[in-house]
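Descriptive structure summary
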Amino acid sequence: MKTSDYEHLFEKALNGLHAERRYRVFTPIDRDAARFPRAIWHSPEGAREIVVWCSNDYLGMGRHPNVIDAMTKAAQECGTGAGGTRNIAGNSKHIVDLEAELADLHQKEAALVFTSGYISNETGISTIAKLLPDCLILSDALNHNSMIEGVRQSGAQKMIFRHNDLSHLEELLKGAGSRPKLVVFESIYSMDGDVAPIAAICDLAERYGAMTYLDEVHAVGMYGARGAGVAERDGVMSRVDVIEGTLGKAFGVVGGYIAGKHAVCDAVRSFAPGFIFTTALPPAIAAAATASIKHLKTSQIERVGHRAQVARAKSEMFKAGLPVMPGNTHIIPLMVGDAAACKAASDMLLNEYGIYIQPINYPTVPRGAERLRVTPSPLHDDKLITELVDALVEVWNKLGLTFARAQQAAE
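Let us look at the structure shown here. (Residues numbered from 1 in each chain as written. Predicted model: local features only at pLDDT ≥ 70, side-chain atom pairs only at ≥ 80, totals over all residues. Heavy atoms only, no water.)

Here we look at the overall build of the protein chain
Each helix and strand in the protein chain was counted, giving 16 helices and 16 strands. By the compact-globule yardstick of 22 Å for 411 residues, the protein chain fits well, its C-alpha radius of gyration being 22 Å. Principal axes of the C-alpha set define a box for the protein chain whose edges measure 60 × 55 × 55 Å. Counting over 411 residues, the protein chain shows a buried share of 52%. Considering only contacts within the protein chain whose residues lie at least 6 apart along the sequence, 72% involve residues at least 24 apart. Surface accessibility of the protein chain: about 18,300 Å² in total, with carbon and sulfur atoms responsible for 54%. (Helix = DSSP H or I, 4+ residues; strand = E, 2+ residues; numbered from the N terminus. Rg over C-alpha atoms; globule rule 2.2 N^0.38 Å. Buried < 20%, exposed > 50% of the residue type's maximum accessible area, 1.4 Å probe, protein only. Contact = heavy atoms within 4.5 Å. Areas by Shrake-Rupley, 256 points an atom, 1.4 Å probe, with all protein chains shown as cover.)

Here's the deal with the sheet that holds strand β16 (residues 371-374)
Across the sheet, three strands lie side by side as β13-β16-β15; this open sheet has antiparallel pairing. On the outer flanks of this sheet lie β13 (332-335) and β15 (359-360), each paired with one strand and no other. Pairing between β13 and β16: four bridges, direction antiparallel. Across the sheet, L334 pairs through a bridge with L372, a residue of β16. (Pairing = 2+ DSSP bridges.)

What to know about the pairing of strand β10 (residues 210-215)
Burial analysis of β10 places six of its six residues in the buried class, the great majority of the element. Burial along β10 is two-sided: the face carrying A210, T212 and L214 and the face carrying M211, Y213 and D215 are both buried. Both strand β7 (residues 181-186) and β10 contribute to a ladder of six bridges, which runs parallel. Considered in β10, the bridge of K181 is made with A210. The pairing of β10 with strand β11 (residues 242-246) spans three bridges and is classified as parallel. Bridged to L214 within β11 is I243.

Re the sheet that holds strand β2 (residues 38-43)
The strand order across the open sheet built from four strands is β1-β2-β3-β14, with neighbouring strands paired in mixed fashion. One side of each edge strand has no neighbouring strand; the edge strands of this open sheet are β1 (29-31) and β14 (355-356). Bridge count between β2 and strand β3 (residues 46-52): six bridges; the pairing is antiparallel. When the sheet's bridge partners are listed, A39 is paired in β3 with I50. Contacts from helix α14 (residues 339-353) reach β2, β3 and β14 within the one sheet, and its direction differs from that of β3 by about 120°. (Axes fitted to C-alpha atoms, helices over the stretch in contact; angles between N-to-C directions.)

What to know about the state of the cysteines
Where two cysteines share a covalent bond between their sulfur atoms, that bond is called a disulfide. Scanning the model with the defined rule gives zero disulfides in all. The thiol sulfur of C342 is not disulfide-bonded, and the nearest other cysteine sulfur, from C54, lies at 11 Å. Judged by its relative accessible area of 1%, C342 falls in the buried class. (Disulfide = S-S within 2.5 Å.)

Some remarks on the packing of helix α2 (residues 65-78) against helix α12 (residues 283-298)
Their axes nearest at 7 Å, the elements α2 and α12 cross at an angle of 155°. Taken together, the axes of α2 and α12 are roughly antiparallel relative to one another. Both α2 and α12 take part in a crossing whose hand is right-handed. Residue-level contacts link N66, V67, A70, M71, A74, A75 and C78 of α2 to P283, A284, I285, A287, A288, A291, S292 and H295 of α12. Here the contact of α2 with α12 is composed, by residue class, of 12 nonpolar, three polar and no charged. (Parallel < 35°, antiparallel > 145°, perpendicular 65-115°, else oblique. Left-handed = near helix turned anticlockwise from the far one by under 90°. Nonpolar A, V, L, I, M, F, W, Y, C, P; charged D, E, K, R; others polar.)

Notes on the layout of surface pockets
Reported here for the second largest pocket is a volume of approximately 250 Å³. Taken together, 16 residues line the second largest pocket, and the ones lying closest to its centre are R86, N87, R269, F275 and I276. Counting only elements with at least two residues in the lining of the second largest pocket, the list comes to α3 (86-89), β4 (110-114) and α11 (273-276). Sort the elements by how many residues they give to the lining of the second largest pocket and α11 lands first, with three residues. (1 Å grid on protein atoms, 1.4 Å probe; cavity = no way out; pocket = protein on both sides within 12 Å on 5 of 7 lines; lining within 4 Å. Points joined across faces, edges and corners; volume = space filled by probe spheres on them.)

Describing the pattern of salt bridges
This structure, assessed with the given rule, holds 27 salt bridges. Put simply, R35 and E49 hold a salt bridge, and the shortest N to O gap is 2.5 Å. With R35 in the loop between β1 and β2 and E49 in strand β3, this pair connects stretches of sequence that are 14 residues apart. Judged by relative accessible area, R35 falls into the partly exposed class, the value being 36%. Overlapping salt bridges bring together D32, R35, R38 and E49 as one network. (Salt bridge = Lys/Arg side-chain N within 4 Å of Asp/Glu carboxyl O.)

Here's the deal with the packing of aromatic side chains
On inspection of all chains with the given rule, the structure shows one aromatic pair. Where F114 meets F275, the ring centres are 5.8 Å apart and the plane angle is 75°; that geometry is what we call edge-to-face. Placement of F114 in strand β4 and of F275 in helix α11 is noted, with a sequence separation of 161 residues between them. Classification of F114 by relative accessible area gives buried; the value is 3%. Among the residues examined, F275 registers a relative accessible area of 13% and is labelled buried. If you follow R367 out to its NZ or CZ, it ends over the ring of Y362, 3.8 Å from the centre. (Phe/Tyr/Trp six-rings, centres within 6.5 Å; stacked < 30°, edge-to-face > 60°. Lys NZ or Arg CZ within 6 Å of the ring centre and 35° of its normal.)

Quick word on helix α6 (residues 145-154)
Looking at α6, one finds that the buried residues are S146, M147, E149, G150, V151 and S154. Where the residues of α6 are buried, they touch α5 (117-130), β5 (136-140), β6 (157-161), β7 and β10. Following α6 by one or two positions, G155 adopts a phi angle in the positive range, close to 75°.

As structure tokens, then:
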């Protein structure tokens, strides 16, 4: 086969994405730390101010003075990079301090930091399962791709239980007998905005002798008295064996981690290729993350403000008849149900209204379940919310999209 033939195969694959209207376009944006959620969009016609409505920097901590000061101070003292893996280049005190802060946050014996939440899931799940002889993994049907990859790479037998279906999970646990079992699930499912019954899952895991692995990436910083997540809010954090989280969403920095028993974290540290052979987080990143966690352990201002603005945005959208998917979290999905229409709505919002909301399509969600995913922050004030809802209504009308009232009438 000629080299040009290989190129043709790549082009054919890309053409398929274009034909399905799910080719992902990256929008060139510079966040404005002084004026978040405002940003500068480098459009084809030149720089233009926009408002970002789909960021996972849920609390705006990426621009918090304490976080920025910690990052810049550490960069000035230690330089910009880590210099290599923690084994070869040395174990930065900033990372050691960060892991201690995370262990304290989740009231666990230890924590282990990775370069991203994706890697912490992929590496954490696969390594834990490999170290459990004849392990059976029971995975929620809507788990994130990073968890799916961790399960796949473990090589362990897996069984998928229907989303949040306790009866199905119990049926699978009961049938597994006495072999080692690992239940992997999320606290908040980021595309639908629904919440797992953590306490009930822990009940089943304890009854049938299974370990629990909980992904709290969309909940850490956001829920609980100190921002440790839904498990803390629900009073069940001590019952979960391994808690996984991210530093790149509510904490406003970058990185991922697991927290649990010292033996579990040490085993992952010692056996996981995704940890052993990866360059460590730079000291400046670790210092910034530590500052953010420390702040959110004691400050309620961000969480209270966030809940208020989310509630207001949902209320205004409901009043306007927009198709808000049901849920009681900070994530507000607006169902569109068509890839081309979803992309058209996103483009129109950006071009005509200066509102940035990326379309969510397959494989992130099933085909036919395309949506816009809105994530208000405490810094989206009432005026911005009104402007957003007005723009959404106009876009829905211009594109002939279905309003909630029409959906209810059809049902």
